[in-house]
Amino acid sequence: MGEMIESNLESMSELVSLCKRRGYIFQSSEIYGGLASCWDYGPLGVELKNNVKSRWWKAMTYRPDIEGIDAAILMHPDVWKASGHIDNFTDPLVDCKNCKSRFRADNIDINAACSNCGKKDTFTEPRNFNLMFKTQMGPIEDTSADVYLRPETAQGIFVNFLNVQGTMRKKLPFGIAQIGKAFRNEITPGNFIFRTREFEQMEMQYFIKPGTQKEAMEDWKERRHKWHVDNGLRPENLRWAPHDSDNLAHYADMATDIEFKFPIGWGEMEGIHSRTDFDLKQHQEHSGKKLEYVDVMDGNKKYLPYVLETSVGCDRTLLALMCDAYRVENKGEDNERVVMRFHPAIAPIKVAVLPLSKKLEEPAKKLLEEIQMDYKCEYDVSQSIGKRYRRQDEIGTPYCITIDFDTLEDKAVTVRDRDSMVQERVPLDKISDYLRERLRF
Ligand code: ATP
């Protein structure tokens, strides 16, 4: 057998094609020609996404100091006035006067030729373009009925600060976490699911005593980095990108991003922001409702807490996990396989049940019924066993269980490990324990 050569993902298009072929991600409304930069998660994609969300939810809310919520996407329009989104949530937009293409002015050289039509001196002056999607609530088409699709989930948390603090009897420091859709009318979406107009965020706002933001920042930086590594991302594909003071958002006094090395280059995956009391102060002022916290540990002092936020894109995390897991292994002599080396907790399918022959379907289905409520399984009887293993490798299934004619005699099955490809014989009555030991997260 030749020496093993392993290579990583080289281009996004390789991944896009695997995602389509294997049921991870399809273009939205494909039969109508698609809708630009909108994507649908298919059967494997939704499993993968649910695994990512569940890992985040457990890491962030299965602890005594953090509670979860699920706020509405539509909120009172004054929320966006208070948060600064109506005035500030803009990107500088330029048009090419010749071909009408639009660009983000901060992404191009305005004096250069248009990258679409090649014409020079053709750009309009940059103007601010608000990224929020506006729609109307109720049957009357009137500006008084204008509402927005939320551009971030954070504001649903800020406006519920006192509801959660009071009902759950929380003392500082404590956090509120949420997973949900956010919408941004991006000028230049693209690179598959890296930048879309509809996406999911996983955000947590940690309410702290003013003055403690530096420690909170260090603490959460470490935890969030560890979360990504625990999901299987290789540390060499992660780096910090601190924002310098000229680069800070209008609400922040400190911020840093976690970037991942995508095939298109390093890109932001998560932001960790010290938001001070900016948001609570703004909501207190605009709503007229006091949002102060009464600190019983500090002489009943009343103040607005500071906030340390961790904000990660679910879709971008998923993209990073797929890019990182993708390997092509070549052992020479036509012995090549594509394997998604997902951490087993992330893998969409945990176990494949593969009867060697149609005549073995009865014991195979019996085994499947025993394990399918604990692990998402695939059942496959078609084609040669080698082909079936390759199909499972390509979607990252950690374990394949083969039922053969010996199974009828020795009441045992062959379990194949995705990464080592080592096969071992395991008695049928030990399979549950075998899987439980290996798939416990
Ligand atoms: P970018 O600079 O890439 O536009 P941002 O700094 O505006 O991102 P945040 O507002 O901090 O992003 O949002 C937090 C996270 O939400 C990002 O790190 C990213 O993972 C995700 N995210 C933001 N915009 C998009 C988008 N258009 N498509 C997919 N994910 C997004």
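Scroll up a little and you will see the structure.
As the structure is a computational prediction, the values presented were derived from the model and not from experiment.

Turning next to the overall build of the chain. If you tally the helices and strands in the chain, you get 13 helices and 24 strands. Based on the C-alpha atoms only, the size of the chain along its principal axes is roughly 75 × 65 × 50 Å. Split into buried and exposed, the 441 residues of the chain put 49% on the buried side. Across the chain, every contact between residues at least 6 apart in sequence was considered, and the portion connecting residues at least 24 apart equals 65%. For the chain, the exposed surface amounts to about 21,900 Å²; the carbon and sulfur share of it is 48%. Charge centroids of the chain, computed over 63 positive and 71 negative side chains, lie 1 Å from each other.

We now examine the packing of helix 1 (residues 12-21) against helix 9 (residues 314-325). The interhelical angle for the contact between helix 1 and helix 9, taken along N-to-C directions, is 100°, at an axis separation of 11 Å. If you check the angle between helix 1 and helix 9, you find them roughly perpendicular. Across from Met12, Leu15 and Cys19 in helix 1, the residues of helix 9 making contact are Leu319, Met322 and Cys323. For the contact of helix 1 with helix 9, the residue count by class is six nonpolar, no polar and no charged.

Looking now at the site of the ligand. As a structural note, the neighbourhood of the ligand is formed by 14 residues, with Glu186, Arg195, Thr196, Glu268 and Met269 the closest of them. Within the backbone of Phe194, one N or O atom sits 3.5 Å away from a nitrogen atom of the ligand. For the ligand, a nitrogen atom lies 2.8 Å from a polar atom in the backbone of Thr196. Coverage of the ligand by the protein chains reaches 84% of its 590 Å² of free accessible surface. Placement of the ligand is best described as lying within the largest pocket. For the shell around the ligand, the secondary structure elements donating two or more residues are strand 11 (198-208), strand 14 (265-276) and strand 17 (306-313). Of all the elements, strand 14 adds the most residues to the shell around the ligand, at four residues. Looking at the shell around the ligand residue by residue, the class counts come to three nonpolar, five polar and six charged.

The next point concerns the packing of helix 2 (residues 43-61) against helix 7 (residues 213-230). Two numbers describe a pair of packed helices, the interaxial angle and the distance between the axes. Axis separation between helix 2 and helix 7 bottoms out at 11 Å; the angle between their running directions is 145°. In the packing of helix 2 onto helix 7, the handedness of the crossing is right-handed. Side by side, helix 2 and helix 7 meet where Val52, Arg55, Trp56, Ala59 and Met60 of the first sit next to Trp220, Arg224, Trp227 and Asp230 of the second. Per-class residue counts for the contact of helix 2 with helix 7 are six nonpolar, no polar and three charged.

In this section: the layout of surface pockets. One way to see where empty space is left: roll a probe the size of a water molecule over the atoms. By volume, the largest pocket amounts to about 1,300 Å³. In terms of lining, the largest pocket is formed by 45 residues, of which the most central are Phe89, Arg104, Arg184, Arg195 and Glu268. Secondary structure elements with two or more residues in the lining of the largest pocket: helix 4 (85-88), strand 5 (90-95), strand 11, strand 14, strand 17 and helix 9. Here the element with the most residues in the lining of the largest pocket is strand 14; it accounts for six residues. Within the lining of the largest pocket, the residues separate by chemical class into 13 nonpolar, 14 polar and 18 charged. Residues from two domains meet in the lining of the largest pocket; each of domain 1 (6-86 + 136-323) and domain 2 (90-130) gives at least three. There is about 240 Å³ of room inside the second largest pocket. Along the walls of the second largest pocket sit Asn50, Asn51, Ser54, Arg55, Lys58, Ala345, Lys350 and Phe441, which together make up its complete lining.

By size, the foremost hydrophobic cluster in this structure holds 53 residues, and its most contacted members are Leu15, Tyr24, Trp56, Leu319, Met322 and Phe342. It is helix 9 that provides the largest number of residues to this core, a total of eight residues. Apart from residues no more than four positions distant in its own chain, Leu15 is found in contact with Leu9, Leu319, Met322, Cys323, Tyr326 and Met340. In terms of nonpolar packing, the next biggest core, distinct from the first, is built from 19 residues, Leu367, Ile371, Tyr399 and Val415 among them.

Rules of the game
- Residues numbered from 1 in each chain as written.
- Predicted model: local features only at pLDDT ≥ 70, side-chain atom pairs only at ≥ 80, totals over all residues.
- Heavy atoms only, no water.
- Helix = DSSP H or I, 4+ residues; strand = E, 2+ residues; numbered from the N terminus.
- Buried < 20%, exposed > 50% of the residue type's maximum accessible area, 1.4 Å probe, protein only.
- Contact = heavy atoms within 4.5 Å.
- Areas by Shrake-Rupley, 256 points an atom, 1.4 Å probe, with all protein chains shown as cover.
- Lys, Arg positive; Asp, Glu negative; His and termini not counted.
- Charge placed at Lys NZ, Arg CZ, Asp CG, Glu CD.
- Axes fitted to C-alpha atoms, helices over the stretch in contact; angles between N-to-C directions.
- Parallel < 35°, antiparallel > 145°, perpendicular 65-115°, else oblique.
- Nonpolar A, V, L, I, M, F, W, Y, C, P; charged D, E, K, R; others polar.
- Near = heavy atom within 4 Å.
- Polar contact = N/O pair within 3.5 Å; in protein donor to acceptor, adjacent residues only side chain to side chain.
- 1 Å grid on protein atoms, 1.4 Å probe; cavity = no way out; pocket = protein on both sides within 12 Å on 5 of 7 lines; lining within 4 Å.
- Sits in = over half its atoms within 2 Å of the grid points.
- Left-handed = near helix turned anticlockwise from the far one by under 90°.
- Points joined across faces, edges and corners; volume = space filled by probe spheres on them.
- Domains from an automatic or database assignment.
- Core = buried A, V, L, I, M, F, W, Y, C linked by side-chain atoms within 4.5 Å.

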